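Commentary on secondary and tertiary structure
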Amino acid sequence: MSDSNPHTEQPLITMSGVNKYFGDFHVLKNIDLTVHTGERMVICGPSGSGKSTVVRCICRLETHESGSIHVDGIELTDDPDSISAIRAEVGMVFQQFNLFPHLSVLDNLTLGPIKARGMSRSDAESLAMTYLERVRIPEQANKRPGQLSGGQQQRVAIARSLCMEPRMMFFDEPTSALDPEMIAEVLDVMVELAEEDGMTMIVVTHEMGFARKVADTMVFMDHGEIVETGPTAGFFDNPRSARCREFLDQILKH
Amino acid sequence: MITSAIIGSRRHRLVGLLVIMAVMATLSGCGAGGNWGWYVVDPTNPSGWVNLKFLAGGFASTILLSIIAAISSITIGLLIALPGLSERRGLRLINRVYVEVVRAIPLLPMLFWVFYGLPQIFKALGLDITINPFWGAVITLALSDSAFTAEIFRAGIQSIGRGQSEAAQTVGLNYLQTMRYVILPQAIRRILPPLANQFIYIVKMSAFASVIGMQELTRRANELVVTEYRPLEIYTVLILEYLVLVLIISQGVRWLERKMGADERQR
Ligand SMILES: Nc1ncnc2c1ncn2[C@@H]1O[C@H](COP(=O)(O)OP(=O)(O)OP(=O)(O)O)[C@@H](O)[C@H]1O
Ligand SMILES: [Mg+2]
């Protein structure tokens, strides 16, 4: 856990009064959320509660209908410049990896740096190799994603995001699609990212061991609302709301 | 024979050719007693050889016409498919209207309209543009086929999961880069077979160019029939000419598919 986090400066991410609808369905209800530089937040909650949607709104994969989202002082609007400015600071890791299957692992990593940041191929490749070493699979650089195990694919996806040198990383259930024996290798990489790099992270996960170890702040969502949020220790030891307690009981039984 | 060029080691291909040759042999065998005149296209007969060379002289323009029309059709098709995938209704409407209208126009009326009608529009606009038979045929084939390629592209792009373009966006690619480097390379592999079908369709439909006077395979056959008055023999050769073209294309596409399939299997 980071206690080197005075929380005095301007927050990195602010959501205030955010509402979102899918057609008639009110999927996010008055979401308020702040994340400071270096903070690690874990979001949990039952399926369909809107966890993914929160994260996807911050990197503008979804649009919100009302309220405001600021990332590093920039408000997210339809303006393409604000969207690309924010995307440049945000790395996103998906449950389904979403690697580019037609490209080698190395090309998956260098595509963004070369095309979006105008880096030379050789610089991009050495950057990519640095991050492949970080996630401990440099020897897979020339394979296709389809030739790798799920755990390896997810580590490639993390490295691909890191190649854009983001200021914050979002993980949407990064281990839910993995076989149990591969979960640890991915979580290890994430723990390292938090502890050694002090990366600002929002992680949607049901891995409560990981949450206890890494998270500064816990958020519990249900039916599109943030039901409970607070520092990790208090959240696990005495959750205030009944719904949150029930959820934790359920999930910790396993 | 020209056909020997396409005999692969593939057995089914060989069988196909044997059947064709058997049919030809039967037909020419009939010539002995009947009303046949295979001499007009007999390569061992001097005037037959000249006629064959005249007929085969149409290959170049049929091939050139088809290739230019196919490339244009793919380009137009892609440009029409993209608005069809937009979230904006207005853009989707452009796609729908184009596809529905163009798809409904039969090829021959479209050819007449382009070749005889379009120059009038140009003149009314004060433009000094003439349309020769070649470009008239290219424009018609490209437009008419583009409605189909547009639908093929739309389906192909839609078949690539949303996660791919989301991942591309989060590594900073803009819309065009996402299409160019992530979506289209994957979609093309999937739509190669239907695109190949469309190419074959273009090759066959290019025969219509003969009616506006373009000197391609069919036009030459027609002209030869007028002078030789041997429709069965000459049109048989004509059909074989198209068959050869189409078989070469299928072979090429199969080769491409195998090449891309090898990529695919590494996934
Ligand atoms: N594109 C969409 N169109 C319509 N409804 C959607 C769409 N995406 C999500 N939803 C709905 O919005 C609700 C919240 O979805 P979301 O993916 O944010 O939930 P979640 O908390 O991440 O759930 P899970 O744990 O299953 O991933 C769900 O009921 C879902 O069915
Ligand atoms: Mg989710």
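Right, let's walk through the structure included here. Keep in mind it's a predicted model, so treat the numbers as computed, not measured.

Our focus in this paragraph is the site of ligand 1. All names here are of chain A. Residues in contact with ligand 1, as listed here, are Phe22, Phe25, Val27, Pro46, Ser47, Gly48, Ser49, Gly50, Lys51, Ser52, Thr53 and Glu173. At a separation of 2.8 Å, an oxygen atom of ligand 1 approaches a polar backbone atom of Gly48. Starting from 630 Å² of accessible surface for ligand 1 in isolation, the protein chains cover 61%. For the shell around ligand 1, the elements supplying multiple residues, two or more each, are strand 2 (25–35) and helix 1 (51–58). Residue contributions to the shell around ligand 1 peak at 3 residues, all from helix 1. Tallied by class, the residues present in the shell around ligand 1 amount to 4 nonpolar, 6 polar and 2 charged.

This part takes up the pairing of strand 8 (residues 200–204) of chain A. Residue and element names in this part refer to chain A. Taking burial as the measure, the 5 residues of strand 8 include 5 buried ones, the bulk of the element. Alternating positions in strand 8 separate into two faces, Thr200, Ile202 and Val204 on one and Met201 and Val203 on the other, with burial throughout. Two strands pair when backbone bridges link them, and strand 3 (residues 40–44) and strand 8 are joined in this way by 4 bridges, in the parallel orientation. The residue of strand 8 that forms the bridge with Arg40 is Met201. One ladder, built from 5 bridges, connects strand 7 (residues 168–172) with strand 8; its direction is parallel. Its bridge partner lying in strand 8, Met169 is registered against Met201.

On to the sheet that holds strand 2 of chain A. Residue and element names in this part refer to chain A. The strand order across the open sheet built from 4 strands is 2-1-4-5, with neighbouring strands paired in antiparallel fashion. Lying at the two open borders of the sheet, with one neighbouring strand each, are strand 2 and strand 5 (74–75). The pairing of strand 1 (residues 13–22) with strand 2 spans 7 bridges and is antiparallel. Bridge assignment links Thr14 to a residue of strand 2, and that residue is Thr34.

Thresholds applied
- Residues numbered from 1 in each chain as written.
- Chains lettered and ligands numbered in written order.
- Predicted model: local features only at pLDDT ≥ 70, side-chain atom pairs only at ≥ 80, totals over all residues.
- Heavy atoms only, no water.
- Near = heavy atom within 4 Å.
- Polar contact = N/O pair within 3.5 Å; in protein donor to acceptor, adjacent residues only side chain to side chain.
- Areas by Shrake-Rupley, 256 points an atom, 1.4 Å probe, with all protein chains shown as cover.
- Helix = DSSP H or I, 4+ residues; strand = E, 2+ residues; numbered from the N terminus.
- Nonpolar A, V, L, I, M, F, W, Y, C, P; charged D, E, K, R; others polar.
- Buried < 20%, exposed > 50% of the residue type's maximum accessible area, 1.4 Å probe, protein only.
- Pairing = 2+ DSSP bridges.

These results come straight from atomic positions and should not be treated as a statement about function.
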